[in-house]
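Structural characterization, general
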Amino acid sequence: MSRKQIRFILLQNRQGKTRLAKYYIPLEDSEKHKLEFEVHRLVVNRDPKFTNFVEFRTHKVIYRRYAGLFFSMCVDVTDNELVYLESIHLFVEILDHFFSNVCELDLVFNFHKVYLILDEFILAGELQETSKKAIIERMGELERQE
């Protein structure tokens, strides 16, 4: 029996440039680049009137577009799509809190903080914390220690 988990998370701009990639499964670099290209092609041309869930190989990709960025998660086909769609929204809300209306440049120049935020609520491909308040408090503690 396979464990349900997030396989990877991608943040990509409209041009296909990956601004954040977090993989929870082992993959070769060439396979990662191929996945990033395929996922981008899949979500960027998709009609907005369709759902934000799309089959991808033997899994599914849940994505959401915010301004010029696509936030995508690849999960098991039997996982609850709405949970992951909501977790993408939570991630964006937390990024907005720390960068006051997050933009692509915030992700580029503060990538270490973005990964830290991501690690606060997703660990080893599983959702760990879903409370925005708890994550923000924890990030505040970490910032005070620096």
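Residues numbered from 1 in each chain as written. Predicted model: local features only at pLDDT ≥ 70, side-chain atom pairs only at ≥ 80, totals over all residues. Heavy atoms only, no water.

**Here we look at the overall build of the protein**
What counts is decided by this rule: Numbering of helices and strands starts at the N terminus; helices are DSSP runs of H or I of at least 4 residues and strands are runs of E of at least 2. Radius of gyration: C-alpha atoms only; globule rule: 2.2 Å multiplied by the number of residues to the exponent 0.38. Only heavy atoms matter for contacts: two residues are in contact if any of them lie within 4.5 Å across the pair. In these tables, accessible area is a Shrake-Rupley quantity obtained with a 1.4 Å probe, and a residue counts as shielded only by the protein chains included in the view. Counting rule for charge: Lys and Arg are taken as positive, Asp and Glu as negative, and neither His nor the chain ends is counted. For this purpose, a charge sits on NZ of Lys, CZ of Arg, CG of Asp or CD of Glu.
In terms of regular secondary structure, the protein is built from five helices and seven strands. Ordered by position in the sequence, the α and β elements of the protein form the string β-β-α-β-β-β-α-α-α-β-β-α. Relative to the globule expectation of 15 Å for 146 residues, the C-alpha radius of gyration of the protein, 15 Å, shows essentially globular dimensions. Seen through its C-alpha atoms, the protein measures out along the principal axes to roughly 45 × 40 × 30 Å. A sequence separation of at least 24 residues applies to 48% of the contacts in the protein between residues at least 6 apart. Carbon and sulfur atoms make up 51% of the accessible area of the protein, which amounts to about 8,500 Å² in all. For the protein, the centre of its 21 positive side-chain charges and the centre of its 23 negative side-chain charges are spaced 4 Å apart.

**Considering helix 2 (residues 81-99)**
Convention followed: Helix span, expected: 1.5 Å multiplied by one less than the number of residues in the helix. Each residue's exposure class comes from its accessible area (1.4 Å probe, protein chains only) as a fraction of the maximum for that residue type: buried when under 20%, exposed when over 50%, partly exposed otherwise. By the criterion applied in these results, polar contacts are pairs of N or O atoms within 3.5 Å in which, for protein atoms, one can donate a hydrogen and the other can accept it, and in which residues neighboring in sequence qualify only through two side-chain atoms.
The terminal C-alpha atoms of helix 2 lie 27 Å apart, and with 19 residues this matches the ideal 27 Å at 1.5 Å per residue to within 8%. Among the residues making up helix 2, those that are buried are Tyr84, Leu85, Ser87, Ile88, Leu90, Phe91, Val92, Ile94, Leu95, Phe98 and Phe99. The N-cap of helix 2, judged by a side-chain oxygen 2.9 Å from the amide nitrogen of leucine 82 a few residues on, is asparagine 80. At the C-terminal side of helix 2, serine 100 shows a positive phi close to 40°.

**Focus on the pairing of strand 2 (residues 18-23)**
As a reminder, the rule being used: Between any two strands, at least two bridges found by DSSP are needed for them to pair.
Alignment of strand 1 (residues 8-13) against strand 2, held across five bridges, turns out to be antiparallel. Looking at the pairing, leucine 11 lines up with leucine 20 of strand 2.

**Some words on the UniProt feature "domain: AP complex mu/sigma subunit" (unreviewed entry) in the protein**
Rules: UniProt positions are given in the numbering used here, feature names are shortened, and annotations may be inferred rather than shown by experiment.
UniProt feature "domain: AP complex mu/sigma subunit" (unreviewed entry): in the numbering of this structure it lies at residues 5-144. The distance separating the terminal C-alpha atoms of residues 5-144 is 32 Å; by composition the span is 46% helix and 25% strand.

**Regarding helix 5 (residues 132-145)**
Owing to its 3.6 residues per turn, the α-helix brings residues three or four apart onto one side. Condition: This arc describes the spread of directions from the helix axis toward the C-beta atoms.
With 14 residues, helix 5 should reach 20 Å at 1.5 Å per residue; the first-to-last C-alpha distance of 20 Å fits that figure. Restricting attention to buried positions, one finds in helix 5 the residues Ile135, Ile136, Met139, Gly140 and Leu142. The buried residues of helix 5 occupy one face: seen down the axis, they fall within an arc of 165°. In helix 5, those exposed residues whose orientation departs by more than 90 degrees from the buried face are Lys133, Arg144 and Gln145. Where helix 5 is buried, its residues contact helix 2 and helix 4 (111-121).

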